[in-house]
Amino acid sequence: MAFLLQTIMLVLFYTLPDPLGLSLTELFEGKIFWQVLMAFGTILFVSAIFAFLKAPRALAIFFGFYFVLATADYEVFRFSHQRLSFSFLRTYFHFSNITDATTIGTLGGDLKGTILYISLALAGVVASIVFCVVYTMRKRAARGVLTGLFLSPEKHARKVPVVFISVGAAFLLLPLIFFACGVRGDLYLPITHTHINLRMTLGKYTLTAPVLHIAVQETFEFFYDNEKITDEIRKDMESFLPENMVANRSNVEDFPVYRSAAKHEYRAKQPYNIVFIMGESFKGRIFNRMLEGDTTLAPNLWNLATGKMFTNGGGGLWFKNGYSGGYPTVRGTMATYLGFPSHPNRDLPSFYSSNHFTGIPEYLKNYHKFYITVSNPIFDHTLPFVERFYKNNWSFPQNVTDGTIIDSVGVDMVISHLPKLPTDSSWFIAFNTITSHIPFFEYPDDFAPKPDDAMARYYNAIRYTDKQLGRFFEKLSSRPDFERTVIVVLGDHDTPVDSVDYAVPQPLGVSVSRIFMGIFSPDSNLFNGLTVREDVASQLDMGPTVMDLAQVREPNHFWGYDLLTEERPAEQPSLFFSQNAYFLGFRDHVLTGGLDNEEVYSDIDGSFKEVKDAVSLTWKKRAVSTSKVLRSLLRNDNMEPR
């Protein structure tokens, strides 16, 4: 029964795509063979242990629990590309999250897949109960008389488990031995006429490791992470931090990324009103084409950037090399609001049970703050951010009927809130767009066609969102306090659309994350015309930049730079983590690779190729060290003192 359940689970996982339509057989190409060995090896090995203990009912009970966890793990991974780890459970299954339906949103995926996985989990529980009941009844009926195969004589009791434990151990050890020996290449099996890719990734963040292995490793890490961070890995992490942050820390050992107030010269001479627009999947690669003359993509945004909608000067900054904090939205949101990278196994540290982090809105103590979202924050796992940062000052359209174009609804909500904003004090208003969410169908049929070409639909979706933003910009510009208002527009993340986006080494998937980023204002004391910046900018830079605009001078854990006055050094990349991978964005290229792999890839002329130069390998080492520091800091909730 365990073999049958495991087989069905694997078939379901590789048959059903993830919610974005990505093929999981392509995403884990070269690793399916190893996953099969590890998964079935675990079943054989554990079965043998319980057989030696002469506890068949205990084995059935174990498998009942095991397959509930394993099926949930597969569904969670298919939906969010995360594993069902202690950190995941602690984050998303906190009691307060369960009561507000975050758990259902997390496990939702698509309805068909969820129903199948729940049915599979229930089948394991039912099979466990039935076996225990039948075994107990037959044992009582045959008490004192051993008959049949079901209750075999003692002398035969060890033959099967010896075979099980031997074969199971071989299945479990073979991938480990191949990985430790650095085996690479392609193995051809002439009998089945198939090829097996020997290039693999081991680790709890890939499907190679069954849930039982994850539990053991997580338990080890729980104690390991309580050890002090070594000087070596802390120095590796410091290579990603601004110099003034490294210099302005008072307790480096306990809080290595917490700095006192920055001492650089600030640009803002007054507190500005701040509009924060996070555009769904605003791809930097596509938006940068407007700088080459293709302004039909987003004409209203272009007029904002070039100052055509301003009357007394003004302008802004356009960052050609802007990067998000990762994919999906929760990673970009985390990087933007909290100012440090996500960790592959813990995307949302600001959950209900321990919030030892301070987000951008919390620093704006004298500001009127309001947030409007047209995407349910439960879906993006950002509800803890929203409720903590904005309390009750946020709004979400509860009764959107089918056929209603969501961005028009969102902009209507923002426009209706503008008269409620004060004119004699500062305010901060944030909202998200949604029309350009993959697969790019959420715009009216009479606005533009919806062809099979995904990039054509993406262009149409962006143009529709821009049309709605134009309505908002017009209303905003009529306010009496418009001259002291700053508008920040940035993408939440990149998104896969065409072949260029998919030309990324697996298992990194949709790690490419170059986004549109811009900061604009009608105040000529702040900007004079449009400045196109070549230096790398990141969502990590939003915290220091907003603190400049709001004239906040406080200690913080923001990793980034004040984009109004500082530039990231040319040789220093922006950093984030996605799945079990790191991603480093430089001005002229990108480095990426798996945290558990030796290979390092660089984008050369738009395609990724393996590189082995000393500089790239050094940055890879620093990224891996930084992931270890983050894991410890986030698990122990000591990003800042309380």
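Every value quoted in this text rests on a predicted model; they were computed, and no experiment measured them.

Here's the deal with the overall build of the chain
Point 1. The number of helices and strands found in the chain is 22 helices and 15 strands.
Point 2. Counting the 642 residues in the chain, one finds 57% classified as buried.

A short note on a nonpolar patch on the surface
Point 1. A contiguous nonpolar surface patch, about 410 Å² in accessible area, is contributed by Val68, Val125, Ile129, Val133 and Met137.
Point 2. With four residues, the top contributor of residues to the nonpolar patch is helix 8 (residues 111-141).
Point 3. Tracing the sequence through the fold places Ile129 in helix 8.

Examining the environment of Thr373
Point 1. Counting through the fold element by element, Thr373 comes out in the loop between strand 5 (368-372) and helix 17 (383-390).
Point 2. Between the C-alpha atom of Thr373 and that of Val411, which follows or precedes it by 38 residues, the distance is 9.7 Å.
Point 3. Among all residues touching Thr373, those that are not within four sequence positions of it are Trp394, Ser395, Phe396, Pro397 and Asn432.

Remarks on the nonpolar core
Point 1. In terms of nonpolar packing, the biggest core is built from 65 residues, with Phe276, Phe340, Met542, Trp559 and Leu584 touching the most fellow members.
Point 2. Looking at this core, the element that brings in the most residues is helix 22 (residues 614-636), giving seven residues.
Point 3. Ignoring sequence-local partners within four residues, the contact set of Leu584 consists of Phe240, Pro573, Ser574, Leu575, His589, Val590, Leu591, Trp619 and Ala623.

Remarks on unusual backbone geometry
Point 1. Omega for the peptide link from Ile438 to Pro439 comes to 15°, which places this bond in the cis form.
Point 2. Of note in this structure, Lys391 is not a glycine but carries a positive phi near 55°.
Point 3. Within the fold, Lys391 resides in the loop between helix 17 and strand 6 (394-395).
Point 4. Judged by relative accessible area, which is 54%, Lys391 ranks as exposed.

Some remarks on the sheet that holds strand 4 (residues 314-323)
Point 1. Spatially, eight strands are ordered 6-5-7-3-8-9-4-10 in an open sheet, and the strand pairing comes out mixed. Two strands bound the open sheet, and with one partner strand each, they are strand 6 and strand 10 (528-538).
Point 2. Judged from the four bridges that link them, strand 8 (residues 485-491) and strand 9 (residues 514-521) form a sheet pairing that is antiparallel. The residue of strand 9 that forms the bridge with Val488 is Ile519.

Thoughts on helix 14 (residues 299-306)
Point 1. Of the positions making up helix 14, those classed as buried are Leu301, Trp302, Leu304 and Ala305. The buried residues of helix 14 all sit within an arc of 160° when viewed along its axis, so they share a single face.
Point 2. At the exit of helix 14 stands Gly307, carrying a positive phi of roughly 80°.

Notes on the packing of aromatic side chains
Point 1. In this structure the tally under the stated criterion is 30 aromatic pairs.
Point 2. Arranged with centres 5.4 Å apart and planes meeting at 75°, the rings of Phe13 and Tyr74 form a pair that is edge-to-face. Taken together, the residues Phe13 in helix 1 (residues 2-15) and Tyr74 in helix 4 (residues 56-80) connect sequence positions 61 residues apart. When sorted by exposure, Phe13 lands in the same class as Tyr74, which is buried.
Point 3. Aromatic rings pair up to connect Phe50, Phe62, Phe63, Tyr66 and Phe67 into one cluster.
Point 4. Here the guanidinium or amino end of Lys450 rests over the ring plane of Tyr443, the centre of that ring lying 5.2 Å away.
Point 5. Cation over ring: Arg622 sits above Trp619, and NZ or CZ is 4.5 Å from the ring centre.

Comments concerning the packing of helix 15 (residues 329-338) against helix 17
Point 1. Two elements in contact, helix 15 and helix 17, have axes separated by 11 Å at closest approach and are oriented at 25°. For the element pair helix 15 / helix 17, the angle class is roughly parallel. As helix 15 packs across helix 17, the resulting crossing turns out to be left-handed. Residues Thr333, Met334, Tyr337 and Leu338 of helix 15 pack against Phe385, Phe389 and Tyr390 of helix 17.
Point 2. Class assignment for the residues of the contact of helix 15 with helix 17 results in six nonpolar, one polar and no charged.

Points about the pairing of strand 7 (residues 427-432)
Point 1. Most of strand 7 is tucked away: six of the six residues are buried.
Point 2. Residues of strand 7 alternate between two faces, with Trp427, Ile429 and Phe431 on one and Phe428, Ala430 and Asn432 on the opposite face, all of them buried.
Point 3. Across five bridges, the pairing between strand 3 (residues 273-279) and strand 7 is parallel. Bridge pairing links Val275 to Ile429 in strand 7.

What to know about helix 11 (residues 231-238)
Point 1. Turning to helix 11, its buried residues are Ile233, Arg234, Asp236, Met237 and Glu238.
Point 2. Of the surrounding secondary structure, the elements contacted by the buried residues of helix 11 are helix 12 (243-247) and helix 22.

Section: the packing of helix 18 (residues 406-417) against helix 19 (residues 454-477)
Point 1. Orientation of helix 18 relative to helix 19, taken along the N-to-C sense of each, is 10°, at an axis distance of 9 Å. Taken together, helix 18 and helix 19 sit at an angle that is classed as roughly parallel. Judged by residue contacts, Asp407, Ser408, Val411, Asp412, Val414 and Ile415 of helix 18 engage Tyr464, Thr465, Gln468, Leu469, Arg471, Phe472 and Lys475 from helix 19.
Point 2. A breakdown of the residues in the contact of helix 18 with helix 19 according to their chemical character gives six nonpolar, three polar and four charged.

Some words on the confidence of the model for the chain
Point 1. When pLDDT is averaged along the chain, the result is 83, and 80% of the positions lie at 70 or above.
Point 2. When pLDDT is averaged over each element of the chain, strand 8 comes out on top at 97 and helix 7 (residues 102-108) at the bottom at 50.
Point 3. Confidence drops under a pLDDT of 50 for residues 146-153, and excluding neighbours within four residues, the segment shows ten contacts in the predicted structure.
Point 4. Counting contacts from residues 506-511, a segment whose pLDDT is below 50, to residues more than four positions away or on other chains yields 20 contacts.

Side note on the environment of Arg587
Point 1. With respect to the helices, strands and loops of the structure, Arg587 is situated in the loop between strand 12 (581-585) and strand 13 (590-594).
Point 2. Along the sequence, Arg587 and Ala537 sit 50 residues apart, while their C-alpha atoms lie 9.1 Å from each other.
Point 3. Ignoring any residue separated from it by four or fewer positions in sequence, one finds Arg587 in contact with Asn321, Glu534, Asp535, Val536, Glu567, Arg568, Pro569 and Ala570.
Point 4. Here the side chain of Arg587 touches Arg568 through a polar contact of 3.1 Å, landing on its backbone oxygen.

Points about the side chain of Gln468
Point 1. Mapped onto the elements, Gln468 comes out in helix 19.
Point 2. Residue classification places Gln468 among the buried positions, given a relative accessible area of 6%.

About the cut-offs
Residues numbered from 1 in each chain as written. Predicted model: local features only at pLDDT ≥ 70, side-chain atom pairs only at ≥ 80, totals over all residues. Heavy atoms only, no water. Helix = DSSP H or I, 4+ residues; strand = E, 2+ residues; numbered from the N terminus. Buried < 20%, exposed > 50% of the residue type's maximum accessible area, 1.4 Å probe, protein only. Patch = residues over 30% accessible without salt bridge, like charges linked within 9 Å, V, L, I, M, F, W, Y side chains within 5 Å. Areas by Shrake-Rupley, 256 points an atom, 1.4 Å probe, with all protein chains shown as cover. Salt bridge = Lys/Arg side-chain N within 4 Å of Asp/Glu carboxyl O. Contact = heavy atoms within 4.5 Å. Core = buried A, V, L, I, M, F, W, Y, C linked by side-chain atoms within 4.5 Å. Pairing = 2+ DSSP bridges. Arc of directions from axis to C-beta. Phe/Tyr/Trp six-rings, centres within 6.5 Å; stacked < 30°, edge-to-face > 60°. Lys NZ or Arg CZ within 6 Å of the ring centre and 35° of its normal. Axes fitted to C-alpha atoms, helices over the stretch in contact; angles between N-to-C directions. Parallel < 35°, antiparallel > 145°, perpendicular 65-115°, else oblique. Left-handed = near helix turned anticlockwise from the far one by under 90°. Nonpolar A, V, L, I, M, F, W, Y, C, P; charged D, E, K, R; others polar. pLDDT = per-residue confidence, 0-100. Polar contact = N/O pair within 3.5 Å; in protein donor to acceptor, adjacent residues only side chain to side chain.

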